[in-house]
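Chain by chain, the residues:
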Amino acid sequence: MIDVQNQPDTRKIKIRQAGVSRFRLPLLISDDGKIQPVTAEINFTVSLSEKFRGTHMSRLTEILTERVSKPLSIPEVENILNEALQKLDTDFAAIKIDFKFFVKRTSPVSGLVSYPDIDCEFSGELHKENRMNFSLTLKVPFTSLCPCSKEISDFGAHNQRSLCGVKLTFKDPDKLNKIKIDEIAGLIENCGSGQIYPLLKREDEKFVTEKAYNNPKFVEDILRDAVLAVRKIENLSAFEIECENFESIHNHNAFAAYGEKLFTDDAEN
């Protein structure tokens, strides 16, 4: 049969990324040895030489589909990209894998177990003959309570759900197996006024309400605490953080953001 994709192209334009987007698959995510089934939405692309008309996109979906029954850990992302480089004879490949990740949380008084979800993204880029550049993005919800509202009110204080998004870029691909999604999510949760639990009894609700009241934070406070917490994560080369409070007494939200590149002695040398 005629291979139309491999037909020559005369426009002399190299395409940096061509492939599939919003490709959905059931995957098994491995986090610190624990396996969790997820429904993933994937963007998977490669660069296309100016010499050829199109990319063999079926080869990309084939690479992904072959991994449906195999646990996917973060280091495995580099193997996926390397396979794309080889099978599509290209010099660059990139992938983004978005999914809901469920973390185990225990209600503070009753001890009941529930599973709040967080948005998670694996993002990898690989140039031929180099190592993968990998980023992990998490969007973690929690409770915030306004310090100003507490200070000026005779009783009570307005509080709301908040969301903190962190994008973590890692330096050494050989240390990616040390990343623990659940652990990082917990680190970010603790930067708010209180955690969120899908399942609470009355005694739990009393506890979390009073905890937030005794731990008021502006969105700026949350952001700064998150920066200090993220700086402690090993093997980072850069990070970005965005915090948003979905205000309960305004029809707008409160927002703060920060980004930082981290340089070690090795990087400077």
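What you are looking at is a predicted structure, and each value in this text was computed from that prediction instead of being measured. (Residues numbered from 1 in each chain as written. Predicted model: local features only at pLDDT ≥ 70, side-chain atom pairs only at ≥ 80, totals over all residues. Heavy atoms only, no water.)

Draft legend 1. Spotlight on empty space enclosed by the protein. Following the criterion strictly, the structure yields one cavity of 30 Å³ or more and no others. As a volume, the largest cavity reaches approximately 40 Å³. Considering the residues around the largest cavity, the lining is formed by Leu27, Ile42, Leu64, Arg67, Leu72, Ile80 and Ile97. Its residues placed into classes, the lining of the largest cavity shows six nonpolar, no polar and one charged. (1 Å grid on protein atoms, 1.4 Å probe; cavity = no way out; pocket = protein on both sides within 12 Å on 5 of 7 lines; lining within 4 Å. Points joined across faces, edges and corners; volume = space filled by probe spheres on them. Nonpolar A, V, L, I, M, F, W, Y, C, P; charged D, E, K, R; others polar.)

Draft legend 2. The packing of aromatic side chains, seen in detail. The final tally for this structure, using the stated rule, is five aromatic pairs. A centroid spacing of 6.5 Å and a plane angle of 70 degrees characterise the contact between Phe99 and Phe101, whose relative ring orientation is edge-to-face. Judged by relative accessible area, Phe99 falls into the buried class, the value being 4%. A ring pair is formed by Phe239 and Tyr258, whose centres lie 6.1 Å apart and whose planes are at 35 degrees; its orientation type is tilted. Remark: Tyr258 occurs in strand β11 (residues 254-261) and Phe239 occurs in strand β10 (residues 236-245); sequence separation between them is 19 residues. Using a relative accessible area of 32% as the deciding quantity, one classes Tyr258 as partly exposed. The rings of Phe99, Phe101, Phe122, Phe134 and Phe170 are connected pair by pair, giving a single aromatic cluster. When the ring centre of Tyr213 is taken as reference, the NZ or CZ atom of Lys150 above it lies at 4.4 Å. (Phe/Tyr/Trp six-rings, centres within 6.5 Å; stacked < 30°, edge-to-face > 60°. Buried < 20%, exposed > 50% of the residue type's maximum accessible area, 1.4 Å probe, protein only. Helix = DSSP H or I, 4+ residues; strand = E, 2+ residues; numbered from the N terminus. Lys NZ or Arg CZ within 6 Å of the ring centre and 35° of its normal.)

Draft legend 3. The pattern of salt bridges, seen in detail. According to the stated counting rule, one finds 16 salt bridges in the structure shown. Glu83 is the partner of Arg67 in a salt bridge, and the nearest nitrogen-oxygen pair spans 3.1 Å. Taken as a pair, Arg67 in the loop between α1 (57-65) and β3 (71-72) and Glu83 in helix α2 (residues 76-87) lie far apart in primary sequence, 16 residues in all. Residue Arg67 shares its accessibility class with Glu83, and that shared class is buried. Of the charged contacts in the structure, one is a salt bridge between Asp174 and Arg131, with a shortest N-O distance of 3.2 Å. Here Asp174 is found in the loop between β9 (159-170) and α4 (181-189), whereas its partner Arg131 is found in the loop between β7 (117-127) and β8 (133-145), with 43 residues between them in sequence. (Salt bridge = Lys/Arg side-chain N within 4 Å of Asp/Glu carboxyl O.)

Draft legend 4. Looking closely at the packing of α1 against α2. It is the contact of α1 with α2, at a shortest axis distance of 10 Å, that shows an interaxial angle of 145 degrees. Helix-helix and strand crossings are classified by hand; for α1 and α2 the assignment is right-handed. Counted together, Arg59, Leu60, Ile63 and Leu64 of α1 and Ile80, Glu83, Ala84 and Lys87 of α2 form the full contact between these two elements. Grouping the amino acids of the contact of α1 with α2 by side-chain chemistry returns five nonpolar, no polar and three charged. (Axes fitted to C-alpha atoms, helices over the stretch in contact; angles between N-to-C directions. Left-handed = near helix turned anticlockwise from the far one by under 90°. Contact = heavy atoms within 4.5 Å.)

Draft legend 5. Spatial organisation of the pairing of β9. The pairing of β8 with β9 spans twelve bridges and is antiparallel. Bridge pairing links Val140 to Cys164 in β9. Strand direction decides the pairing type here: β9 and β10, joined by nine bridges, are antiparallel. Note that in β10 the partner of Leu168 across the bridge is Phe239. (Pairing = 2+ DSSP bridges.)

Draft legend 6. Structural view of the nonpolar core. Judged by nonpolar contacts, the single largest core of 60 residues is most densely connected at Phe44, Phe122, Phe134 and Ile241. Tallying contributions element by element places helix α6 (residues 219-230) first for this core, with seven residues. The contacts of Phe122, once residues within four sequence positions are left out, are Ile29, Ile74, Val77, Ile95, Lys96, Ile97, Phe99, Phe134, Ser135, Leu136 and Ile181. (Core = buried A, V, L, I, M, F, W, Y, C linked by side-chain atoms within 4.5 Å.)

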